[in-house]
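Each chain is listed here by its residues.
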Amino acid sequence: MAAPKVAVVGAGVIGLSTALCITEACPSCSVTVLSDRFSPNTTSDVAAGMLIPHTYPGTPIHVQKQWFKETFTYLFAISNSAEAPEAGIHLVSGWQVFKNPPKEEIPFWSDVVLGFRPMSEAELQKFPRHRFGQAFTTLKCDCPSYLLWLEKRLKATGVQMHTRKVEDLWDLHSEYNVVVNCAGIGAHQLVGDQELFPIRGQVLKVHAPWVKNFIRDGDGLTYVYPGIQRVTLGGTREKDIWSLSPDPGTTKDIFDRCCSLEPSLQKAQDITVKVGLRPSRPSVRLQREDFSQGGLKLAVVHNYGHGAGGFSVHRGTAKEAARLVGECIAALQGSSSRAKL
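Residues numbered from 1 in each chain as written. Predicted model: local features only at pLDDT ≥ 70, side-chain atom pairs only at ≥ 80, totals over all residues. Heavy atoms only, no water.

An unreviewed UniProt entry annotates the protein chain as D-aspartate oxidase originating from Centropus unirufus. As its UniProt record puts it under Sequence similarities (unreviewed entry), the protein chain is described as follows: "Belongs to the DAMOX/DASOX family." Recorded under Function (unreviewed entry), the UniProt text for the protein chain is reproduced unchanged: "Selectively catalyzes the oxidative deamination of acidic amino acids. Suppresses the level of D-aspartate in the brain, an amino acid that can act as an agonist for glutamate receptors. Protects the organism from the toxicity of D-amino acids. May also function in the intestine." (UniProt positions renumbered as here; feature names shortened; annotations may be inferred.)

This is the structure we're talking about:
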């Protein structure tokens, strides 16, 4: 058969990474990214981009750890290269602090990040309201930079990018052999996934160049994440709220909470507010599905539903999605060679 044509629907970090992994795993494929929104207007542009895994109750821990490890390894290599400034990836050290010790004092990902250890008494004195903490070094992506870097990599390998709102995956069956659904929260409407729901996140981006270490409250709700240009202050987790309008009361609440962790933030300047809808479900949907209508078939691979943890596992899930695309293409090539017989 001719070069297989693959469409990736969605241009956030999951869609772009999946497209890149498909080009690496299947160089003979013709890959096109279709999305109604590209950076800087995606949910991924709002994300803090810290590699601290979120736990998916419906996904085995060893699978989540593998996804995180592959992602960390990939980004760590970029952080140690000349590409690091353009890709917006850097190492950052800091603390995760708890008012009470967590059930798991050593999380499943502790041996993937660098230098994981319990905080010392001296370090904890910086956080008088917290009784336990973990210190480690991890990676942070400045998301808009990273998305543009991914787009540049894709264009260099000949991937086409088109602004197009896909209303129904079946509409693509006459143009493409395989369709990959990386629509994020858009999959709620696109494939009618009732398990998928938004968790609204509001964050502040501030100018506070003196803040060098990350601080994350153990519940994951309040955090201070320094980037290359700006510091991200968060946040909120509002389930089933679809509004993208910033809420001034929430902005004040986030700022006050972050200042209680890092009082010097009172002097932060140039505050901008961002809102995104995290595509959440009990587990990432990462699977093959065959659509069929009137004797015609379309191979579909789903890769969405990463919730608050997309950046932490994006490369690992993209590699798995690319492997599933390879299976689809092998099946198509097998059926086309059988048809010739």
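Trainee: Help me out: how do you make sense of the packing of helix α1 (residues 13-25) against helix α6 (residues 143-156) in this one?
Mentor: In a pair of packed helices, the angle between the axes and the distance between the axes together describe the arrangement. The contact between α1 and α6 brings their axes to 10 Å, and the two run at 30°. With respect to α6, the axis of α1 lies roughly parallel. The hand of the α1/α6 crossing is left-handed. Along the contact surface, α1 presents V13, L16, S17, A19, L20 and E24, while α6 presents Y146, L147, L150, E151, R153 and L154. Here the residues of the contact of α1 with α6 are counted per class, giving 8 nonpolar, 1 polar and 3 charged. (Axes fitted to C-alpha atoms, helices over the stretch in contact; angles between N-to-C directions. Helix = DSSP H or I, 4+ residues; strand = E, 2+ residues; numbered from the N terminus. Parallel < 35°, antiparallel > 145°, perpendicular 65-115°, else oblique. Left-handed = near helix turned anticlockwise from the far one by under 90°. Contact = heavy atoms within 4.5 Å. Nonpolar A, V, L, I, M, F, W, Y, C, P; charged D, E, K, R; others polar.)

Trainee: How should the nonpolar core be read in this particular structure?
Mentor: As a rule of thumb, nonpolar side chains are buried together in soluble globular proteins. Judged by nonpolar contacts, the single largest core of 66 residues is most densely connected at V6, V33, L75 and Y146. Of the residues forming this core, the biggest block, 9 residues, is contributed by helix α9 (residues 310-340). Look past the residues within four positions of L75 in its chain and what remains in contact with it is L51, I89, L139, C141, Y146 and H314. (Core = buried A, V, L, I, M, F, W, Y, C linked by side-chain atoms within 4.5 Å. Buried < 20%, exposed > 50% of the residue type's maximum accessible area, 1.4 Å probe, protein only.)

Trainee: Would you mind going over the state of the cysteines with me for this structure?
Mentor: Working definition of a disulfide: a covalent bond connecting the sulfur atoms of two cysteines. Throughout the structure, instances matching the rule amount to 1 disulfide. Across the disulfide, C26 is cross-linked to C29 (sulfur-sulfur distance 2.4 Å). Across the S-S bond linking C26 and C29, the dihedral sits near 75°, which makes this disulfide right-handed. Grouping residues by exposure puts C26 and C29 together as buried. Take C143: it sits in no disulfide, and the sulfur closest to it among the cysteines is that of C141, at 5.9 Å. (Disulfide = S-S within 2.5 Å.)

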